[in-house]
Amino acid sequence: MKKRFKKIYIEITNVCNLNCNFCPKTSRTPEYMSESLYKKAIDESKQLAEEITLHVMGEPLLHPEIEKIINYAKEKDVKINLTTNGTLIEKYQTILLNKTIKRINFSIHSLNSNHSHEDAQKYLKDIIQFSKLAQKEREDLILIYRLWNINDTSNKNILDIIQTEFNTTLKDEKNKIGIELKPNLYINYDESFNWPNIKNEVKNQTGYCLGLKTHIGILSNGIVVPCCLDNNGNIPLGNIKNNTLNEILNSKKAQDMIKGFKERNLVEDLCKRCSYIKKFEK
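In this text, all values refer to a predicted model and were calculated from it rather than measured experimentally. (Residues numbered from 1 in each chain as written. Predicted model: local features only at pLDDT ≥ 70, side-chain atom pairs only at ≥ 80, totals over all residues. Heavy atoms only, no water.)

**Things to note about the pattern of salt bridges**
- Applying the stated criterion across every chain yields a total of 13 salt bridges.
- Salt bridges sharing partners connect three or more residues here, namely Glu-35, Lys-39 and Lys-68. (Salt bridge = Lys/Arg side-chain N within 4 Å of Asp/Glu carboxyl O.)

Right under this line is the structure:
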């Protein structure tokens with residue numbers, strides 16, 4: 001039976017070990033999602049989404065119960081996508097070979113913005129080493145190297161290492177589908193973008209978004225948001241601590257947003273300040 005959403009983002013933590021200039025700083029209290037909350041989030045998401053992505057803000061591998069979370073998802077027969085900066089990959093590579101994980105996105109554009117050239121090289125090589133291990137032990141695991149800062153000159157060091165390790169030639173160019181390095185291993189280019197901010201000026205009064213159509217997000221404090229870019233929870237639809245996901249999605253606020261998108265009317269203030277929405281016009 002077809003599920004309502006392609007994916008639901010579950011932010012198991014909003015804590016990160018890096019401080020990237022392209023990533024917004026959330027005003028929310030730093031926290032790790034509790035066991036009771038992530039179990040409820042997984043249980044209810046399973047009924048509505050084809051897969052779960054462990055990400056909105058934060059570095060998911062920092063969660064002290066990351067192994068328990070992944071094992072719980074496996075127990076519930078839930079497929080997991082995970083987005084990570086890769087700096088902890090050496091410590092958690094065994095956990096990340098768990099068969100319930102369908103895809104891992106590595107934000108390799110975060111490396112040069114936070115580390116010395118030597119440290120960036122080390123972390124990238126750790127990611128590549130894991131990738132080669134996964135190619136042997138988990139042929140079905142999809143790995144994506146994200147380079148979402150086209151034409152950044154710092155990419156040259158990253159690209160040089162990848163070209164050497166995989167004996168290929170790459171150009172730093174936009175390619176939305178991605179370039180295959182090996183079976184189930186891709187490098188994906190895209191442009192940097194500005195996250196929507198409620199304090200910014202209004203950019204659009206009309207437009208269309210895939211929020212509440214293909215995905216929703218559940219923040220580490222249990223607040224449900226309509227979009228994976230609502231990093232501060234500026235559009236709280238409800239909280240799974242108090243209500244079920246179905247109750248929240250059937251609320252007037254959620255239904256008004258769905259109706260608005262269908263009619264190309266931006267109901268919420270944050271949506272009116274979002275430039276990413278322009279991508280859906282193409």
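**Structural notes on the nonpolar core**
- In this structure, Ile-10, Ile-108, Phe-130, Tyr-145 and Ile-162 are the most contacted members of the largest nonpolar core, which totals 73 residues.
- With 6 residues, helix α4 (residues 117-137) is the largest single contributor of residues to this core.
- Once residues within four sequence positions are removed from consideration, Phe-130 is found in contact with Ile-89, Gln-93, Leu-96, Leu-97, Ile-104, Phe-106, Leu-141 and Leu-143.
- Grouped together as the second largest cluster of nonpolar side chains are 9 residues, Tyr-9, Leu-219, Val-225 and Leu-229 included. (Core = buried A, V, L, I, M, F, W, Y, C linked by side-chain atoms within 4.5 Å. Buried < 20%, exposed > 50% of the residue type's maximum accessible area, 1.4 Å probe, protein only. Helix = DSSP H or I, 4+ residues; strand = E, 2+ residues; numbered from the N terminus. Contact = heavy atoms within 4.5 Å.)

**Here we look at helix α2 (residues 66-75)**
- What α2 keeps buried is the set Ile-66, Ile-69, Ile-70, Tyr-72 and Ala-73. For α2, the angular spread of buried residues about the axis comes to 160°, placing them on one side.
- In the stretch just after α2, Asp-77 is the one whose phi turns positive, near 60°. (Arc of directions from axis to C-beta.)

**Details of the environment of Ile-235**
- Among the structural elements, Ile-235 can be located in the loop between β9 (223-225) and β10 (238-239).
- When its relative accessible area of 3% is taken as the criterion, Ile-235 is described as buried.
- Each C-alpha atom, one on Ile-235 and one on Ser-220, is 15 Å from the other, the two residues being 15 residues apart in sequence.

**Brief notes about helix α1 (residues 35-48)**
- Helix length check: α1, at 14 residues, gives a terminal C-alpha distance of 20 Å against a target of 20 Å (1.5 Å per residue), a fit within 8%.
- Buried within α1 are the following residues: Leu-37, Tyr-38, Ala-41, Ile-42, Glu-44, Ser-45 and Leu-48.
- Looking at the buried positions of α1, the neighbouring elements they touch are β1 (5-10), β2 (49-54), α2, β8 (215-218) and α6 (245-249). (Expected span 1.5 Å × (residues − 1).)

**Notes on the environment of Thr-94**
- Tracing the chain through its elements places Thr-94 in the loop between α3 (89-92) and β4 (101-107).
- On the basis of relative accessibility, which here comes to 66%, the residue Thr-94 falls in the exposed class.
- Here the alpha-carbon distance between Thr-94 and Leu-133, two residues 39 residues apart in the chain, equals 10.0 Å.

**Side note on the pairing of β2**
- Most of β2 is tucked away: 5 of the 6 residues are buried.
- Note that the unit made of β1, α1 and β2 has a crossover that is right-handed.
- With 3 bridges connecting them, β2 and strand β3 (residues 80-84) associate as parallel partners. Its bridge partner lying in β3, Ile-52 is registered against Ile-80.
- Each parallel crossover has a hand, and for β2 linked through α2 to β3 it is right-handed. (Right-handed = clockwise from strand over helix to strand, strands pointing away. Pairing = 2+ DSSP bridges.)

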